[in-house]
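# Structural features, examined
Read off the chains here:
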Amino acid sequence: MSGPAPHFSGGRMVAIAFIAQNLAVGPTYGAFGPLLHEFERTYGMSRAMVSLPLSLVVLAGGLMAPIIGALIGRLTIRYTLMLGAVLLAAGYVALALAPSGIAVLAIYGLMIGPGIAMMGMLPNATLVTNWYAERQGVMLGIVNMPLMVMAVPLATAWALPYLGLKGVLIALAALHAAILPLLWLVIDRPEAIGERPYGADGPIAAAQAAAARPVPMLSLLAMPVFLLTVVGSGLAVGAGVTKMVHLVPLVTERGWTLEQAALLSAISGGTGIAGSLLFGWLADRFGGGAALILNCVVQAAVWMILILPVGYGVLILDAVVIGMCGGGFITAKSVLVNHLFGRAAFARVMGLSGLLTVPFLFGMAPLAGWLRDVTGNYGLAVGAHMAGFAIAAACFALAAFAIGRERRGAGAAEAV
């Protein structure tokens, strides 16, 4: 295996990407559950309506994904990340001053959603794949460790009685503004400073280069493997958004306190740290497709715990498993996409994938809120998401089979 140069800067890029990814995702998703009732009380929003902000965030991210793919190439990763931080800081200030629930929805959709997209997964994952030809799964696992998703729910539940809704939102704005000097240190590619990607001469990099091929954007829509990946990703990540939005109210409606519910959310985020590393390693070892199948099968099983009459200890176990799977999903998917299409097309392919998953990600959390309002509980909503995980696992199984068949065909042709 080819290692890094003596002064290889890839580790520093991974560290910056880890901080940027956490500050992009953690405050928004981690704080929303504890703040949900505050939005309801302050603006008179229904449960279905208050479920929309994170869906609007996902919608904005999906719609902007192809644009961000282009921005990365033209504006650079550094400036894309910095623009995202500015939008997030301004968005939280605007939320603190919002006059109505409609304004809250507009701010999440037009400022916070685009800010997360510009400072989140796509530019950070592209940065890592630019610097690492090998060990991508582990490095992406480090970047995607949701440390802030673990810390923010507890911090929000603690600070809310002292600061109130507006004070918490201003604190989140300051947090995003503080990262701007660090983002200035981002270097898009090792070649820009006379370095080479880690493992550039290794066998894994050679295999990826041989497998990857340029595919026009529209031609992706005719590739079954790509479409299966989109459907599976949409169902699985959409369920993750639903969990972020509804876990706290679901648990409190079953008689547990806000602090206990926030602890479960924090545990789920914390175990996502281990899950990101675990599924990154599994993707490196067995392939991104196999890691994704395992991820979805496990989640399809353990979501049942959310609606069973179980004790708090079992809910903790459930939060651990769901958190590990949620934290590792995007890492495994990134490895799969990079293996199929190569680092040069990574941002473009992930961008189109993000756009096509919008209907799943935008609709699933509000659907869960609507089903809860109609039925009076979350039973039907949880059951529907369990079925979604099963379908996602089948999609990734078919994709993995197609990839295996293509490799066997290529091997047979080479032997002849």
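To be clear, the structure that these remarks concern was listed above.
A quick note: this is a predicted structure, and the numbers were derived from the prediction, not measured.

For the structure on display, the rule yields 2 salt bridges. Among the ionic pairs, Arg 41 bridges to Glu 38, the shortest N-O distance being 2.6 Å. Of this pair, Arg 41 and Glu 38 both sit in helix H1 (residues 10-43), 3 residues apart, which is roughly one turn of the helix. Here Arg 41 falls in the exposed class, since its relative accessible area comes to 60%. Classification of Glu 38 as buried rests on a relative accessible area of 19%. Arg 372 serves as the salt-bridge partner of Asp 373, at 3.1 Å between the closest nitrogen and oxygen. On the basis of relative accessible area, Asp 373 is assigned to the partly exposed category, the value being 35%.

Moving on, we come to helix H5 (residues 101-119). Between its terminal C-alpha atoms H5 stretches 25 Å, which fits the 27 Å expected from 19 residues at 1.5 Å a residue. At Tyr 108, H5 shows its largest kink, close to 35°. For H5, the tally of buried residues reaches 15 of 19 residues, placing the bulk of the element in the interior.

Turning our attention to H1. For H1, built from 34 residues, the straight-helix expectation of 50 Å at 1.5 Å per residue is met to within 8% by its first-to-last C-alpha distance of 46 Å. At Gly 33, H1 shows its strongest bend, of approximately 55°, with the proline Pro 34 following within four residues. With 26 of 34 residues buried, H1 lies mostly within the body of the structure. A positive phi of about 65° marks Gly 44, the residue just after H1.

Secondary-structure assignment places Thr 271 in helix H12 (residues 258-286). Assessed through its relative accessible area of 15%, Thr 271 is described here as buried. Engagement of the side chain of Thr 271 in a polar contact is seen with the backbone oxygen of Val 320, the distance being 3.0 Å. Other than its neighbours up to four places away in sequence, Thr 271 contacts Ala 319, Val 320, Gly 323 and Met 324.

A few words on the nonpolar core. Within the largest apolar cluster, 126 residues are counted, with the highest numbers of intra-cluster contacts made by Phe 39 and Ile 112. The element that contributes the greatest number of residues to this core is H1, accounting for 14 residues. If we skip the residues at most four places from it in the chain, Ile 112 touches Thr 28, Val 57, Leu 88, Gly 91, Tyr 92, Leu 95 and Ile 107.

Here we take up the side chain of Ser 334. If you trace the backbone, Ser 334 turns up in helix H14 (residues 312-341). By relative accessible area, Ser 334 is classed as buried at 1%. Contacts of Ser 334, omitting those with residues within four sequence positions, involve Met 121, Ala 125, Leu 140, Phe 346 and Met 350.

Close contact between helix H3 (residues 52-74) and helix H6 (residues 121-131) brings their axes to 10 Å; oriented N to C, the two are set at 40°. Classified by the interaxial angle, the pair formed by H3 and H6 is oblique. Relative to H6, the crossing made by H3 is right-handed. For the pair H3 and H6, contact is made by Ala 65, Ile 68, Gly 69 and Ile 72 and by Leu 122, Pro 123 and Thr 126, respectively. Per-class residue counts for the contact of H3 with H6 are 5 nonpolar, 2 polar and no charged.

Further remarks concern a nonpolar patch on the surface. A contiguous nonpolar patch, built from Leu 75, Tyr 79, Leu 83, Trp 184 and Leu 185 and spanning about 440 Å² of accessible area, is present on the exposed surface. Tracing the chain through its elements places Leu 75 in the loop between H3 and helix H4 (77-96).

It is worth spelling out the packing of H6 against helix H15 (residues 346-356) at this point. Interhelical geometry of H6 versus H15 gives an angle of 155° and a closest axis separation of 10 Å. Taken together, H6 and H15 sit at an angle that is classed as roughly antiparallel. As H6 packs across H15, the resulting crossing turns out to be right-handed. Contacts between H6 and H15 involve Met 121, Leu 122, Ala 125, Thr 126 and Thr 129 on the former and, on the latter, Phe 346, Ala 347, Met 350 and Gly 351. Residue composition of the contact of H6 with H15, by class: 6 nonpolar, 3 polar and no charged.

Conventions and cut-offs
Residues numbered from 1 in each chain as written. Predicted model: local features only at pLDDT ≥ 70, side-chain atom pairs only at ≥ 80, totals over all residues. Heavy atoms only, no water. Salt bridge = Lys/Arg side-chain N within 4 Å of Asp/Glu carboxyl O. Helix = DSSP H or I, 4+ residues; strand = E, 2+ residues; numbered from the N terminus. Buried < 20%, exposed > 50% of the residue type's maximum accessible area, 1.4 Å probe, protein only. Expected span 1.5 Å × (residues − 1). Bend = angle between axes of the 7 residues up to and from the residue. Polar contact = N/O pair within 3.5 Å; in protein donor to acceptor, adjacent residues only side chain to side chain. Contact = heavy atoms within 4.5 Å. Core = buried A, V, L, I, M, F, W, Y, C linked by side-chain atoms within 4.5 Å. Axes fitted to C-alpha atoms, helices over the stretch in contact; angles between N-to-C directions. Parallel < 35°, antiparallel > 145°, perpendicular 65-115°, else oblique. Left-handed = near helix turned anticlockwise from the far one by under 90°. Nonpolar A, V, L, I, M, F, W, Y, C, P; charged D, E, K, R; others polar. Patch = residues over 30% accessible without salt bridge, like charges linked within 9 Å, V, L, I, M, F, W, Y side chains within 5 Å. Areas by Shrake-Rupley, 256 points an atom, 1.4 Å probe, with all protein chains shown as cover.

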